[in-house]
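So the chains spell out like this:
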Amino acid sequence: MLLEVLLVLGTLLIYFLFSKKKEETLPFKDGWWGRGQKPVTKEDSGIRPFKVETTEEELSDLFRRLDQARFTEPLENSCFHYGTNSVHLRKIVSYWKNQFNWKKQVEVLNKYPQFKTKIQGLDIHFVHVKPPRLPEGQAAKPLLMVHGWPGSFYEFYKIIPLLTDPASHGLGDEHIFEVICPSIPGYGFSEAPHKKDFNSVSAASVFYELMLRLGFNEFYTQGGDWGWLICTNLAQIAPNHVKGLHLNMVSVSKLGLTHLLSILLGRYFPGLFGFQDEDVRRMFPFLKKGLYRILSESGYAHIQATKPDTVGCGLNDSPVGLAAYILEKFSSWTDMEFQNLEDGGLERKFSLDDLLTNVMIYWVSGCIVSSMRFYKENLQKGIGTQKHEKLTVQVPTGIASFPNEILHIPQAWAKKKYTNIVSFHFMPRGGHFAAFEEPELLAKDILQFVDKVEKEQLWKKKGE
Amino acid sequence: MWRDILPNAWESILSRIRHLYLLSPVEVQTSLSVKSISHCCCSTQAILYLPRSFEYSQKNAVLVPVAALGVGGVLFCWLKSGHKMKIIDMGDGWWGSEERPFKGKEDATIRPFKIETSDKEIEYQLAAQGHMPAAGQPGKKGSLPQDLHQRLDRFRFTPHVEGAAFHYGFNSTYLRKVVAYWRNQFDWRKQVEVLNKYPHFHTTIEGIDIHFIHVKPSYVPHGRAVRPLLMVHGWPGSFYEFYKIIPLLTEPAKHGLNEGDVVFEVICPSIPGYGFSEAPHQRGFDSIATARIFHKLMNRLGFKEYYIQGGDWGSRITTNMAQMLPQSVKGLHLNLVFIARQSLGRLIRIMLGAYVPWLVGFSREDARRFYPFMQKNVYDVLRESGYLHIQATKPDTAGCGLNDSPVGLAAYILEKFSTWTDKSFLYQDNGGLESKYSLDELLTNVMIYWVTSTIVSSMRYYKENFSKDPDLSAHNRVGVYVPTGIAAFPQEIVHVPRVWAKDVYRNIITYSYMPRGGHFAAFEEPKLLAQDIMQFVQKVEQL
């Protein structure tokens, strides 16, 4: 009898020992994504300044397409439940044609210095903003900020001044950053990969090379949407170079028994599963806020992860279609309740100029198809199957949890992957496009996170 | 309560056994205790030592008749329910844009209609679809070919990744070839003449204009009956899919099909929101509303009993029609079966069927088409259903760009004609499209969506049908009792074995494994489908 008990205990012990997630690093993914064969000669590693340009031809082509747009009348009382409401879309198109000034917006884009450099066969575009002034003896901390879909580097234009010049915005000058915002290959002004399999690990490897090329040995990273995954991968590839990882979105790819139990019982026994009151408020009722929300909002991800070239084809040809597709996300991902409004609540949190500038980046660069391919490259084998999804992150992590994010992940769940969470805060307002919508809230959270990491020199501890 | 009844029952069992086997009380108990009635152990020990009640026989006298009555009652109800068929409630609806008129009946005239090319404006046609004039240009539009050619000319092309074939969607290199053909060789005017070779009509039902073609046989031999046949298309198809099969059904002898005495007059309507049928202006227009409207259509045409045939949405609509008004449906023929209900039992049968197909009622051909299960029924379906997911949630977004870019529309639609015809076409750079269809045919179907601006309303149909909880949907609980014929094509997206189809279709007369062909059966293999329809109808006529 005793023997049996000991055997069972022994097996359990061995199982737990071996099932503990190993703290390996993710290997750096080298690649060649340019056209054809990789050339024998060494790649040109120069950094060239870049400016966004526009031509009269580009504008008149756009206007012609806007003029000849064909709309379909929405169903009565459908608001934004069926997608972007075409009655409201017509108003936006009218603004786009008559009041939106792309030339002026290009000047806005060019106010921050932009560059291009060739990495792994692709021309990588990035914005690099240094602080205008630095107090005596203080060095600027490099911060890599990565955007997502359907965003772009432009999402960071309101938060950059808060981070490079915090004193002028009432945020104290203890930590001043120099900010680098690259465009993910296939987005905006970064060249699109010509080969298959360019996934988040590839992007992280490319950005890692970029930071090294810019001369940064240690840096902070920040991201949401795809930026969340790319920055996470970067922290897994080079944990000794990433001082801190800050995220405004987290996702889990493996739902195990504990997750299931906490979904079923977490409402009644929150303490048992490590849920706080705010967690319960945001997550339950789970069917409505979890499952149905995912199902109703993930159609785009499903089709982009399977047939990107098909769905993007028409969007690269119809600016109105492109705007409808992209702006729908800026409506429902900012606040799910906006679907009940006839105008989708679009202008409550963003200006039409800002929204259309983002759309124009996709239009003038013609990158909508390649931006969608990123979904296929990351998701085609299914969620939870890739190696990096099984590895943990030991780098000091700060999470800003916004209330209107599509899916709320409690700290209890995030802890399983991010083993070194230094700060986890419930933000008072804001949705998916945090930097775009609530730059000040996000900047404050980044600053307090960096403050913690610097004060306690946390990045040095993680080697143990 | 059960403690009172159980000892009595136990007593009677014991006494009977004792009578039969002349055992002592203790021996009986020991031999019986190994059975499952362990919870009775305590009470049985107690009752065996109780003085036997003289009321025992009286209780018996009450229990038995009550039990008999109960069982008889259940039997009676079950028998009765077996005869009463459940049907879907027909209901009513109004889909027009204005308020439903209180007085005066709806205009029930049937108006002939000809599709027009537009050297003239096609504004009238578009207005009927609820289409709004282009932004900035109220009312006037250029001629169709001009406008179309301009859009084709300025299409913005994105190079695909190396080695993509059709795995990422429609291959853009091949798309360029299609666009070049469309721009330079495709003759829309000629195709419109082709479309007009069958008579078209419009009639208003429930507030919207329903388009249909009605083809009668040109020559009917003396004494032969002509059967009315309603054929319903799906997405992304149209009434045009039936143009090759119609002659085989209306004049079989001329085409070498001598399937007995069966000759049809064919009616192919356009689902509201598709092609030349007006799109509903109200929310909630689903397959049941469509079924009701098509019944009204057939009624208006003077038919009391008719055959119905369908695939894709047509399959669901015709199934609903059979569930709604079985007395009007002489026979139901399908080339696609939708099975929505999964259960634990089915899951177990799926797993067993991989090893012992005969045990779960699968034929060898079923097993060949159905397994490997995960690959064919889960991964393949997930890979192909992205369009369904986005159309069932955000149709207005998904369709917006497609209504504005003809090339985008063509890529979206033609991708289905590639993959749903043969899954192996994914590996070909040209998607295998021209191996089964001509570019003229494919583009004519696309043009129907383009000139009528119906891509968005066609997508809304997915949301209207899928946003309700499937378990509450009527057709999942109501059986189909009309004679049914199923043509199972090998390259259909998902194969449904006969034994599963029987769950819903209780009266399958024919179930045929077709030798070749995919989802667009009427378009791709008209002869095979026509033959199957005819042999099905023949069997039904002989019933």
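See above for the structure.
Fair warning: this is a prediction, and the values are worked out from it, not measured in the lab.

Novice: How should I be thinking about the overall build of chain A in this particular structure?
Specialist: The secondary structure content of chain A amounts to 21 helices and nine strands. Expressed as lengths along the three principal axes of its C-alpha atoms, the size of chain A is roughly 85 × 60 × 50 Å. A burial count over chain A gives 61% of its 464 residues as buried. Taking contacts inside chain A between residues at least 6 apart in sequence as the whole, the part at least 24 apart equals 80%. Summed over all atoms, the accessible surface of chain A reaches about 19,000 Å², with 57% contributed by carbon and sulfur. Taking the average location of the 54 positive side-chain charges in chain A and that of its 52 negative ones, the two points are 4 Å from each other.

Novice: Help me out: how do you make sense of the overall build of chain B in this one?
Specialist: In terms of regular secondary structure, chain B is built from 24 helices and nine strands. With 543 residues in all, chain B has 55% of them scored as buried. Partitioning the intrachain contacts of chain B with sequence separation of at least 6 by distance along the chain shows that 79% fall at a separation of at least 24. Split by element, the accessible area of chain B, about 24,800 Å² in all, is 59% carbon and sulfur.

Novice: Sorry if this is basic, but what is going on with the packing of helix α7 (residues 172-184) of chain B against helix α19 (residues 439-452) of chain B here?
Specialist: Two packed helices can be described by the angle between their axes and the distance between those axes. Residue and element names in this part refer to chain B. At their nearest, the axes of α7 and α19 sit 11 Å apart, and the two run at 85 degrees to each other. Considering their axes alone, α7 and α19 lie roughly perpendicular with respect to each other. In this structure, α7 uses Tyr 174, Val 178, Tyr 181 and Trp 182 to contact α19, whose residues at the interface are Leu 439, Asp 440, Leu 443, Val 446 and Met 447. Broken down by class, the residue content of the contact of α7 with α19 amounts to eight nonpolar, no polar and one charged.

Novice: Before we go on, may I ask you to explain the sheet that holds strand β1 (residues 110-113) of chain B in this structure?
Specialist: By way of backbone hydrogen bonds, the strands of a sheet pair with one another, either parallel or antiparallel. All names here are of chain B. Across the sheet, nine strands lie side by side as β1-β2-β3-β5-β4-β6-β7-β8-β9; this open sheet has mixed pairing. Each edge of the open sheet is held by one strand with a lone partner, namely β1 and β9 (508-513). Neighbour-to-neighbour, the strand axes of this sheet turn through a mean angle of 25 degrees, independent of strand direction. Looking at chain direction, strand β4 (residues 226-232) and strand β5 (residues 263-269) are connected through five bridges and run parallel.

Novice: Any chance you could explain the interface of chain B and chain A here in plain terms?
Specialist: One frequent convention defines the size of an interface as the accessible area lost when the parts assemble. In this complex, chain B contributes 62 residues to the contact, which on the side of chain A involves 62 residues. Here chain B and chain A share three salt bridges between them. For Glu 384 of chain B, the salt bridge identified is with Lys 307 of chain A, shortest N-O distance 3.1 Å. Where chain B packs against chain A, one counts 39 residue pairs in polar contact (both at pLDDT 80 or more). At six residues, helix α17 (residues 406-419) of chain B tops the list of elements feeding residues into the side of chain B that touches chain A. Tallied by class, the residues present in the side of chain B that touches chain A amount to 23 nonpolar, 23 polar and 16 charged.

Novice: Hey, could you run me through the packing of helix α3 (residues 86-98) of chain A against helix α15 (residues 352-365) of chain A in this one?
Specialist: Residue and element names in this part refer to chain A. Two elements in contact, α3 and α15, have axes whose closest approach is 11 Å; the angle formed by their N-to-C orientations is 80 degrees. Between α3 and α15, the interaxial angle falls into the category roughly perpendicular. Within the contact between the two elements, α3 uses Ile 92, Tyr 95 and Trp 96 and α15 uses Leu 352, Asp 353, Leu 356, Val 359 and Met 360. Residues of the contact of α3 with α15, tallied by class, amount to seven nonpolar, no polar and one charged.

Novice: Teacher, can you tell me more about the pattern of salt bridges here?
Specialist: Opposite charge on two side chains permits them to pair, given that their charged atoms come into close proximity. Under the criterion given, the structure shown has 45 salt bridges over all chains. Arg 373 of chain A is the partner of Asp 309 of chain A in a salt bridge, and the nearest nitrogen-oxygen pair spans 2.8 Å. Remark: Arg 373 of chain A occurs in helix α16 (residues 368-379) and Asp 309 of chain A occurs in helix α12 (residues 308-315); sequence separation between them is 64 residues. Within this structure, Lys 307 of chain A together with Asp 380, Arg 383, Glu 384 and Lys 423 of chain B form a network of salt bridges that share partners.

Novice: Any chance you could explain the sheet that holds strand β6 (residues 219-223) of chain A here in plain terms?
Specialist: Residue and element names in this part refer to chain A. Strand order in the open sheet formed by nine strands is β1-β2-β3-β5-β4-β6-β7-β8-β9, with mixed pairing between adjacent strands. A single partner strand is all that each edge strand has here, and the edge strands are β1 (47-50) and β9 (421-426). Neighbour-to-neighbour, the strand axes of the sheet open up by a mean angle of 25 degrees, direction not taken into account. Two strands pair when backbone bridges link them, and strand β3 (residues 122-129) and strand β5 (residues 177-182) are joined in this way by four bridges, in the antiparallel orientation. If you follow Val 127 over to β5, its bridge partner there is Cys 181. Running at roughly 115 degrees to strand β2 (residues 114-119), helix α6 (residues 200-213) makes contact with β1, β2, β3, β4 (141-146), β5 and β6 of the sheet. Here helix α20 (residues 439-455) sits on the sheet and contacts β4, β5, β6, β7 (242-247), β8 (397-401) and β9; the angle it forms with β7, its principal contact strand, is near 150 degrees.

Novice: Can you walk me through the packing of aromatic side chains in this structure?
Specialist: For any pair of aromatic rings, geometry is given as the distance between the ring centres together with the angle between the planes. Going through the model one piece at a time under the given rule, you end up with 66 aromatic pairs over all chains. Between Trp 33 of chain A and Phe 198 of chain A the ring centres are 4.9 Å apart and the planes differ by 90 degrees, which places this aromatic pair in the edge-to-face class. Of this pair, Trp 33 of chain A sits in the loop between α1 (2-19) and β1 while Phe 198 of chain A is found in the loop between β5 and α6, placing the two residues 165 residues apart along the sequence. Exposure class is identical for Trp 33 of chain A and Phe 198 of chain A. Each is buried. Here the aromatic rings of Trp 313 of chain B and Tyr 461 of chain B are separated by 5.0 Å at their centres, their planes lie at 80 degrees, and the arrangement is edge-to-face.

Novice: How should I be thinking about the environment of Lys 502 of chain B in this particular structure?
Specialist: In this structure, Lys 502 of chain B sits in helix α22 (residues 498-504). Residues Lys 502 of chain B and Thr 173 of chain B lie 329 residues apart in sequence; the distance between their C-alpha atoms is 45 Å.

Novice: Help me understand the side chain of Thr 421 of chain B, please; the structure alone is not making it clear to me.
Specialist: Residue and element names in this part refer to chain B. If you trace the backbone, Thr 421 turns up in the loop between α17 and α18 (433-436). Accessibility expressed as a relative area gives 1% for Thr 421, which makes it buried. Within the structure, the side chain of Thr 421 is placed 2.7 Å from the backbone oxygen of Phe 417, a separation counted as a polar contact. Excluding anything up to four places from it in sequence, Thr 421 contacts Lys 416, Lys 436, Tyr 437, Gln 491, Gly 518, Phe 520 and Glu 524.

Novice: So what exactly am I meant to see when it comes to the side chain of Asn 196 of chain B here?
Specialist: Here Asn 196 of chain B shows up in the loop between α8 (188-195) and β2 (200-205). When residues no more than four places from it in sequence are discounted, the contact partners of Asn 196 of chain B are Lys 114 and Ile 115 of chain B.

Novice: Even after reading the chapter, I still don't get unusual backbone geometry, so can you show me in this structure?
Specialist: Excluding glycine, residues mostly carry a negative phi; peptide bonds, for their part, are mostly trans. All names here are of chain B. Cis geometry marks the peptide bond from Trp 235 to Pro 236; its omega dihedral reads -5 degrees. Structurally, Pro 236 can be placed in the loop between β4 and α9 (246-250). In this structure, the amide linkage connecting Tyr 371 to the following residue, Pro 372, adopts the cis form with an omega of 0 degrees. Along the chain, Pro 372 falls in the loop between α13 (364-370) and α14 (373-384). Backbone geometry at Ala 165 places phi at a positive 50 degrees, although glycine is not the residue there. Here Ser 453, not a glycine, exhibits a phi torsion of approximately 55 degrees, which is positive. Mapping Ser 453 onto the fold places it in the loop between α19 and α20 (455-466).

Novice: Even after reading the chapter, I still don't get helix α8 (residues 257-265) of chain A, so can you show me in this structure?
Specialist: Along an α-helix, a turn takes 3.6 residues, which lines up residues three or four apart on a common side. Residue and element names in this part refer to chain A. Residues of α8 that are buried include every one of His 259, Ser 262 and Ile 263, and no others. For α8, the angular spread of the buried residues around the axis is 100 degrees, confining them to a single face. Pointing more than 90 degrees away from the buried face of α8 are the exposed residues Leu 257 and Leu 264. Those residues of α8 hidden inside the fold are in contact with α10 (286-297) and α18 (411-417).

Novice: Help me out: how do you make sense of the state of the cysteines in this one?
Specialist: Here a disulfide denotes a covalent bond joining the sulfur atom of one cysteine to the sulfur atom of another. Taken as a whole and assessed by the stated rule, the structure comprises zero disulfides over all chains. Cys 79 of chain A forms no disulfide, and the closest cysteine sulfur to it belongs to Cys 400 of chain B, at a distance of 17 Å.

Novice: Please clarify how the environment of Pro 228 of chain B should be interpreted in this entry.
Specialist: Residues and elements named next belong to chain B. Mapped onto the elements, Pro 228 comes out in strand β4. Pro 228 gets classed as buried once you look at its relative accessible area, which sits at 10%. Distance in space between the C-alpha atoms of Pro 228 and Pro 145 is 37 Å, their sequence separation being 83 residues. Sequence-distant contacts of Pro 228, defined by excluding residues within four places in its chain, comprise Glu 265, Met 298, Phe 303, Glu 305, Tyr 306 and Tyr 307.

Novice: Mind showing me how you'd approach the environment of Glu 440 of chain A here?
Specialist: By the secondary structure assignment, Glu 440 of chain A is in helix α20. For the pair formed by Glu 440 of chain A and Phe 189 of chain A, sequence separation is 251 residues and the distance between their alpha carbons is 27 Å.

Cut-offs used in this document
- Residues numbered from 1 in each chain as written.
- Chains lettered and ligands numbered in written order.
- Predicted model: local features only at pLDDT ≥ 70, side-chain atom pairs only at ≥ 80, totals over all residues.
- Heavy atoms only, no water.
- Helix = DSSP H or I, 4+ residues; strand = E, 2+ residues; numbered from the N terminus.
- Buried < 20%, exposed > 50% of the residue type's maximum accessible area, 1.4 Å probe, protein only.
- Contact = heavy atoms within 4.5 Å.
- Areas by Shrake-Rupley, 256 points an atom, 1.4 Å probe, with all protein chains shown as cover.
- Lys, Arg positive; Asp, Glu negative; His and termini not counted.
- Charge placed at Lys NZ, Arg CZ, Asp CG, Glu CD.
- Axes fitted to C-alpha atoms, helices over the stretch in contact; angles between N-to-C directions.
- Parallel < 35°, antiparallel > 145°, perpendicular 65-115°, else oblique.
- Nonpolar A, V, L, I, M, F, W, Y, C, P; charged D, E, K, R; others polar.
- Pairing = 2+ DSSP bridges.
- Salt bridge = Lys/Arg side-chain N within 4 Å of Asp/Glu carboxyl O.
- Polar contact = N/O pair within 3.5 Å; in protein donor to acceptor, adjacent residues only side chain to side chain.
- Phe/Tyr/Trp six-rings, centres within 6.5 Å; stacked < 30°, edge-to-face > 60°.
- Arc of directions from axis to C-beta.
- Disulfide = S-S within 2.5 Å.

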